[in-house]
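Analysis of the macromolecular model
Here is how the chains run, residue by residue.
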Amino acid sequence: ATAWFYQIGQGLNYFHEDVKMCHRDIKCDNFLLNDDKQAKLSDFGFAKCIINDKNCVQMSETFCGTVPYEAPQVLEKIPYNGFKYDVWSMGVAFYIMISGRFPYHMKNTDDRKASIANMLKEQKDYPGYIKSRFDEVDVDDAGQDLIVRMLNPHENKRPKMSEVINNKWLLSKVS
């Protein structure tokens with residue numbers, strides 16, 4: 001899981017830093033393995049350049065993605081930083097990759113609004129709720145800390161993708 005997460009993270013970081021675009025639909029369904037078992041990111045249908053002509057991040061007001069992977073800002077329809085949205089979704093995907101379950105509960109019910117409200121409540125109970133989800137997950141404290149920081153509901157406190165892929169714990173797992 002860490003090797004594949006790192007490979008996807010490297011690709012996403014290239015997309016962020018060099019191409020200056022965000023993906024906006026990061027999810028496990030969009031991770032592919034080639035014949036050499038190398039992980040690749042796919043489906044760039046919601047990708048967008050968010051750097052303006054003054055080289056500043058332009059907040060996005062297109063609320064897209066896949067609900068269980070959506071950051072609080074997207075769920076609440078608040079303009080958001082697409083790069084930080086991708087980091088959130090990568091945190092959700094990484095949690096799934098190491099635990100086999102979603103970090104937040106999105107129930108398939110007839111009352112979609114109530115289900116999203118419940119998920120949002122869990123996301124905002126930070127860091128208590130997300131830390132409680134590691135009770136049955138086999139990852140050490142440093143690995144948990146990385147995921148918890150990626151799932152910070154305050155996007156200005158979330159790490160950049162370059163910080164994620166250069167995390168000391170993650171690098172120790174892939175080298």
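Residues numbered from 1 in each chain as written. Predicted model: local features only at pLDDT ≥ 70, side-chain atom pairs only at ≥ 80, totals over all residues. Heavy atoms only, no water.

Quick word on the overall build of the protein
When you go through the protein residue by residue, the secondary structure sums to eight helices and four strands. The N-to-C order of helical and strand elements in the protein reads α-β-β-β-β-α-α-α-α-α-α-α. Expected size for 175 residues packed as a compact globule is a radius of gyration near 16 Å; at 15 Å, the protein falls within 12% of this value. Taken over the C-alpha atoms alone, the protein extends approximately 40 × 40 × 30 Å along its principal axes. For the protein, long-range pairs separated by at least 24 residues make up 62% of all intrachain contacts whose partners lie at least 6 apart in sequence. Each charge class in the protein can be summarised by its mean position, and for the 23 positive and 24 negative side chains these summaries are 4 Å apart. (Helix = DSSP H or I, 4+ residues; strand = E, 2+ residues; numbered from the N terminus. Rg over C-alpha atoms; globule rule 2.2 N^0.38 Å. Contact = heavy atoms within 4.5 Å. Lys, Arg positive; Asp, Glu negative; His and termini not counted. Charge placed at Lys NZ, Arg CZ, Asp CG, Glu CD.)

Here we look at the pattern of salt bridges
With the rule as written, the count across this model stands at three salt bridges. The partner of E76 in a salt bridge is K124, with the nearest N and O atoms 2.7 Å apart. Within this pair, whereas E76 is found in the loop between α2 (72-75) and α3 (82-99), its partner K124 is found in helix α4 (residues 112-124), the two being separated by 48 residues in sequence. Assessed through its relative accessible area of 32%, E76 is described here as partly exposed. Between D145 and R149 there is a salt bridge, with its nearest N and O atoms 3.2 Å apart. Here the residue D145 and the residue R149 both occupy positions in helix α6 (residues 141-150), the gap between them amounting to four residues, near one helical turn. We classify D145 as partly exposed; its relative accessible area is 40%. By relative accessible area, R149 is classed as partly exposed at 31%. (Salt bridge = Lys/Arg side-chain N within 4 Å of Asp/Glu carboxyl O. Buried < 20%, exposed > 50% of the residue type's maximum accessible area, 1.4 Å probe, protein only.)

Section: the packing of α3 against α6
At their nearest, the axes of α3 and α6 sit 8 Å apart, and the two run at 145° to each other. As for the relative orientation of α3 and α6, their crossing is left-handed in sense. For the pair α3 and α6, the contacting residues are V87, W88, M90, G91, F94, Y95 and I98 in the first and L146, I147 and M150 in the second. Its residues assigned to classes, the contact of α3 with α6 comprises nine nonpolar, one polar and no charged. (Axes fitted to C-alpha atoms, helices over the stretch in contact; angles between N-to-C directions. Left-handed = near helix turned anticlockwise from the far one by under 90°. Nonpolar A, V, L, I, M, F, W, Y, C, P; charged D, E, K, R; others polar.)

So, the packing of helix α1 (residues 2-19) against α3
Contact geometry for α1 and α3: axes closest at 11 Å, N-to-C directions at 170°. With respect to α3, the axis of α1 lies roughly antiparallel. Here T2, W4, F5, I8, G9, L12 and H16 of α1 come into contact with α3, specifically with F83, D86, M90, F94 and M97. A class-by-class count of the residues in the contact of α1 with α3 yields eight nonpolar, three polar and one charged. (Parallel < 35°, antiparallel > 145°, perpendicular 65-115°, else oblique.)

Regarding the side chain of Q73
Mapped onto the secondary structure, Q73 falls in helix α2. Discounting chain neighbours no more than four positions away, the residues touching Q73 are F63, I78, Y80, P153, H154, E155 and R158.

What about the environment of H105?
By the secondary structure assignment, H105 is in the loop between α3 and α4. Taking the C-alpha atoms as reference points, H105 and Q123, separated by 18 residues in sequence, lie 9.7 Å from one another. Setting aside anything within four residues of it in sequence, one finds H105 in contact with S115, N118, M119, E122, Y129 and R133. Only 2.9 Å separates the side chain of H105 from the side chain of Y129, close enough to count as a polar contact. (Polar contact = N/O pair within 3.5 Å; in protein donor to acceptor, adjacent residues only side chain to side chain.)

Fair warning: the whole summary comes from geometry, so function is off the table for now.
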